[in-house]
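Residues per chain are reported as follows:
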Amino acid sequence: MSQAHRFDVLILGSGAAGLSLALRLPDSLSIALVSKRDLREGSTLYAQGGISAVLDANDSLASHIEDTLDAGADLCDPERVKLVVDHGPASIRWLFDQGVEFTRDDKAVDAGGYHLTREGGHTHRRVVHAADATGREVETTLEGRVRARANIQILERHIAVDLISGRKLDIKVDRCLGAYVLDDASGEVKTLLARFVVVATGGASKVYLYTSNPDVSTGDGIAMAWRAGCRVGNMEFMQFHPTCLYHPQARTFLISEALRGEGGRLLLPNGKRFMWRFDERAELAPRDIVARAIDHEMKRLGAECLYLDISHRPSDFIIEHFPTIHARCLELGIDITRQPIPVVPAAHYTCGGVVTDEMARADLPGLYAIGEVAYTGLHGANRMASNSLLECLVFAAQAAVDIQAHLGVAPIPPDVPSWDASRVNEPDEAVVVSHNWEELRRFMWDYVGIVRTNKRLQRAQRRIDLLHHEIIEYYGNFQVNHDLLELRNLVGVADLIIRSALRRRESRGLHYTMDFPFKDPSQRQPTVLIPDNYRPRLD
Ligand SMILES: Cc1cc2nc3c(=O)[nH]c(=O)nc-3n(C[C@H](O)[C@H](O)[C@H](O)COP(=O)(O)OP(=O)(O)OC[C@H]3O[C@@H](n4cnc5c(N)ncnc54)[C@H](O)[C@@H]3O)c2cc1C
């Protein structure tokens with residue numbers, strides 16, 4: 001029987017959300033920071049555009065709130081939107097204090113000397129950025145700070161298997177007590193116990209065949225919290241980024257929305273612009289409208305991709321503002337200063353997730369969810385560009401406040417049984433995992449993608465039921481490994497997406513169904529799914 005490891009706070013995930021929480025907690029607390037690949041690997045590292053916050057004297061909090069509510073198609077929680085927007089400027093200042101360097105512009109006196117860019121849905125320039133590699137600057141700076149803190153124990157290449165809850169083990173403490181975590185190197189499943197547990201595991205876009213997200217985005221936190229008895233909300237609202245690079249050798253490379261913000265034009269294969277036909281804001285319309293327009297035109301023309309052109313802007317400007325995109329495209333033989341970029345839409349962001357309150361608390365006492373894994377009410381039916389990194393920062397700060405407020409009362413977890421692998425065998429048919437992984441992502445793309453119908457969703461539901469059954473059986477009989485754990489979570493999350501999509505009998509924001517093509521005011525509420533083992537919080 002292996003020994004349990006004990007901490008004050010256990011943080012699962014090391015993106016913007018997990019890292020900033022770890023840094024906001026006092027160094028008197030012992031913290032475990034678990035990351036299933038290298039510490040820096042996650043969506044945060046790849047974020048290009050920037051972080052939205054009201055930093056310009058000509059902008060206003062009211063305007064940021066209004067734009068967010070507008071993008072969310074009447075489904076945002078106005079109080080949460082206000083909370084996030086109000087905390088925006090302070091969150092950016094906190095990043096400055098950590099040493100994050102944003103792109104400067106000496107002429108931008110009203111914006112404190114920072115260059116602010118504009119993205120879809122924003123009526124002002126309010127996106128602070130580090131050229132076109134904002135996420136890398138944020139992630140690596142925070143990583144450096146975390147690695148320097150003696151109170152934070154980092155466990156890389158460790159994947160959380162399941163949350164440990166008193167409820168499930170029939171221990172009298174009705175609380176999240178920790179997590180079972182698989183060490184990829186040794187194959188050992190460790191027991192990590194903590195007074196507070198935080199899922200910061202990112203989104204679930206890997207459930208789709210084409211995605212802008214890195215491999216880690218398999219919805220683990222959503223699936224684990226659901227299994228532990230937490231509600232999930234708004235899972236039908238999966239955001240597809242309109243413009244990912246279309247190239248056989250380029251896996252998941254995003255062409256930032258900022259390129260359109262700086263004048264990039266979307267073109268059909270014949271070189272003609274078309275966005276005016278779909279929205280008067282043309283290329284600056286919110287993402288869902290742009291993605292659907294591209295999907296529509298591609299299907300109408302049978303085109304493999306469309307094009308995004310910024311070559312009318314001066315070369316120096318393009319190279320200065322988009323060095324990463326310029327360099328990556330050039331490697332593939334595309335010179336964006338002279339020619340258009342071939343693009344397709346891809347799954348990009350999970351608007352729904354684990355239901356949380358204003359302090360980032362999930363339904364199970366002792367458990368918090370922060371970052372893309374959470375459903376906070378900020379995004380409603382559609383996320384506005386650059387609001388997500390802000391959401392990570394704000395709710396990490398909220399969780400830090402709440403954890404500190406409850407330090408005096410949170411119990412030390414009791415002993416729990418260690419992971420029992422005595423009744424399972426070595427996996428004998430790895431092909432089951434790889435086959436089901438492919439099948440799942442393909443039918444989610446085909447049947448639960450940008451444009452949906454009842455028939456397609458029902459078809460997907462039948463397939464997911466079968467897969468669920470097969471994976472649960474496999475999971476029960478064989479030793480766990482990284483791929484199996486991710487597949488189990490993806491299947492669980494796909495099921496939640498399909499069930500939520502079937503419930504929403506209207507088109508709103510990111511959920512578009514041909515059977516109900518219009519918004520229905522009577523359905524202006526979030527889709528909340530409740531697991532069988534749910535219990536309302538009493539504290
Ligand atoms: C290409 C791209 C560009 C983007 N651009 C922008 C932008 O410009 N502005 C903006 O606001 N947003 C942007 N986004 C969205 C934004 O980057 C994400 O929403 C945000 O970074 C999520 O941060 P996070 O901390 O919640 O998760 P992530 O950064 O994804 O981190 C998740 C962490 O959880 C770990 N993890 C997952 N499962 C487990 C498990 N079972 N056990 C242990 N660890 C686990 C991962 O290893 C990783 O460390 C972009 C996203 C992408 C993919």
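For the structure, see preceding data.
Residues numbered from 1 in each chain as written. Predicted model: local features only at pLDDT ≥ 70, side-chain atom pairs only at ≥ 80, totals over all residues. Heavy atoms only, no water.

1. So, the nonpolar core
Core analysis: the biggest nonpolar cluster contains 78 residues, and Leu 163, Leu 440 and Met 444 have the highest contact counts within it. Core analysis: the next-biggest nonpolar cluster, separate from the first, contains 53 residues, Ile 11, Val 100, Ala 360 and Phe 395 among them. (Core = buried A, V, L, I, M, F, W, Y, C linked by side-chain atoms within 4.5 Å. Buried < 20%, exposed > 50% of the residue type's maximum accessible area, 1.4 Å probe, protein only.)

2. Regarding the site of the ligand
Every one of the 38 residues lining the ligand counts as a neighbour, but Thr 44, Gly 50, Asp 220, Glu 372 and Ser 388 are closest to it. At 3.2 Å, a backbone N or O of Ala 16 approaches an oxygen atom of the ligand. Between Lys 36 and the ligand, the recorded distance is 3.2 Å, taken from a backbone N or O atom to a nitrogen atom. Isolated, the ligand exposes 1,000 Å² of accessible area, and the fraction of that covered by the protein chains is 99%. Elements with a contribution of two residues or more to the shell around the ligand: α1 (16-24), β2 (31-35), α2 (43-46), β7 (158-165), β14 (341-350) and α13 (387-405). Counting residues per element, the shell around the ligand draws most heavily on α13, which supplies 4 residues. The class makeup of the residues in the shell around the ligand is 13 nonpolar, 20 polar and 5 charged. (Near = heavy atom within 4 Å. Polar contact = N/O pair within 3.5 Å; in protein donor to acceptor, adjacent residues only side chain to side chain. Areas by Shrake-Rupley, 256 points an atom, 1.4 Å probe, with all protein chains shown as cover. Helix = DSSP H or I, 4+ residues; strand = E, 2+ residues; numbered from the N terminus. Nonpolar A, V, L, I, M, F, W, Y, C, P; charged D, E, K, R; others polar.)

3. Regarding the packing of helix α15 (residues 454-477) against helix α16 (residues 482-503)
Where α15 meets α16, the axes come as close as 9 Å, and the angle between the chain directions of the two elements is 150°. By the angle between their directions, the pair α15 and α16 is classed as roughly antiparallel. Of the two possible hands of crossing, α15 and α16 adopt the one that is left-handed. Taking contact as the criterion, the partners of Asn 454, Leu 457, Gln 458, Ala 460, Gln 461, Ile 464, Leu 467, His 468, Ile 471, Tyr 474 and Tyr 475 in α15 are, on α16, Leu 484, Leu 485, Leu 487, Arg 488, Val 491, Gly 492, Ala 494, Asp 495, Ile 498, Arg 499, Ala 501 and Leu 502. Residues belonging to the contact of α15 with α16 are distributed by class as follows: 15 nonpolar, 5 polar and 3 charged. (Axes fitted to C-alpha atoms, helices over the stretch in contact; angles between N-to-C directions. Parallel < 35°, antiparallel > 145°, perpendicular 65-115°, else oblique. Left-handed = near helix turned anticlockwise from the far one by under 90°. Contact = heavy atoms within 4.5 Å.)

4. Brief notes about unusual backbone geometry
Even without being glycine, Asn 234 reaches a positive phi, approximately 55°. Tracing the backbone shows Asn 234 in the loop between β10 (232-233) and β11 (238-245). Classification of Asn 234 as buried rests on a relative accessible area of 0%. At Ala 282, a position not held by glycine, the phi torsion is positive, near 50°. Tracing the backbone through its elements, the reader meets Ala 282 in the loop between β12 (265-267) and α10 (287-301).

5. Some points on the side chain of Ser 507
Structurally, Ser 507 can be placed in the loop between α16 and β18 (528-529). On the accessibility criterion, Ser 507 (7% relative accessible area) is buried. A polar atom in the side chain of Ser 507 sits 2.7 Å from the backbone oxygen of Phe 516.

6. Focus on the environment of Tyr 307
Along the chain, Tyr 307 turns up in strand β13 (residues 306-309). For the pair Tyr 307 and Met 514, spaced 207 residues apart in sequence, the C-alpha separation works out to 26 Å. Among residues more than four places away in sequence, those in contact with Tyr 307 are Arg 265, Leu 266, Leu 267, Leu 268, Pro 269, Pro 340, Ile 341, Pro 342 and Val 343.

7. What about the side chain of Asn 387?
Along the chain, Asn 387 falls in helix α13. Among the polar contacts made by the side chain of Asn 387, one reaches the side chain of His 64 at a distance of 3.0 Å. For Asn 387, the residues in contact, after removing those within four places along its chain, are Ser 52, His 64, Thr 68, His 122, Leu 378 and His 379.

8. Some details on the layout of surface pockets
Over the atoms rolls a probe the size of a water molecule, and in doing so it shows where empty space is left. For the second largest pocket, the calculated volume is near 710 Å³. Surrounding the second largest pocket, 28 residues form its lining, Tyr 210, Tyr 246, Val 344, Pro 345 and Trp 445 being those nearest its centre. Mapped by element, the contributors of at least two residues to the lining of the second largest pocket are β11, α10, β14 and α14 (430-447). Of the residues contributing to the lining of the second largest pocket, the split by class is 16 nonpolar, 4 polar and 8 charged. (1 Å grid on protein atoms, 1.4 Å probe; cavity = no way out; pocket = protein on both sides within 12 Å on 5 of 7 lines; lining within 4 Å. Points joined across faces, edges and corners; volume = space filled by probe spheres on them.)

9. A few points about the environment of Arg 80
Tracing the backbone through its elements, the reader meets Arg 80 in helix α4 (residues 78-86). Of the residues examined, Arg 80 reaches a relative accessible area of 13% and is grouped as buried. When sequence neighbours within four positions are dropped, the list of residues in contact with Arg 80 reads Thr 356, Asp 357, Glu 358, Thr 376, Gly 377, Leu 378 and Phe 395.

10. Section: the sheet that holds strand β4 (residues 116-117)
The 3 strands are arranged β3-β5-β4 in an open sheet whose pairing can be described as antiparallel. At either margin of the open sheet sits one strand with a lone partner, and together these are β3 (51-52) and β4. Both β4 and strand β5 (residues 127-128) contribute to a ladder of 2 bridges, which runs antiparallel. Within the sheet, the bridge partner assigned to Thr 117 lies in β5 and is Val 127. (Pairing = 2+ DSSP bridges.)

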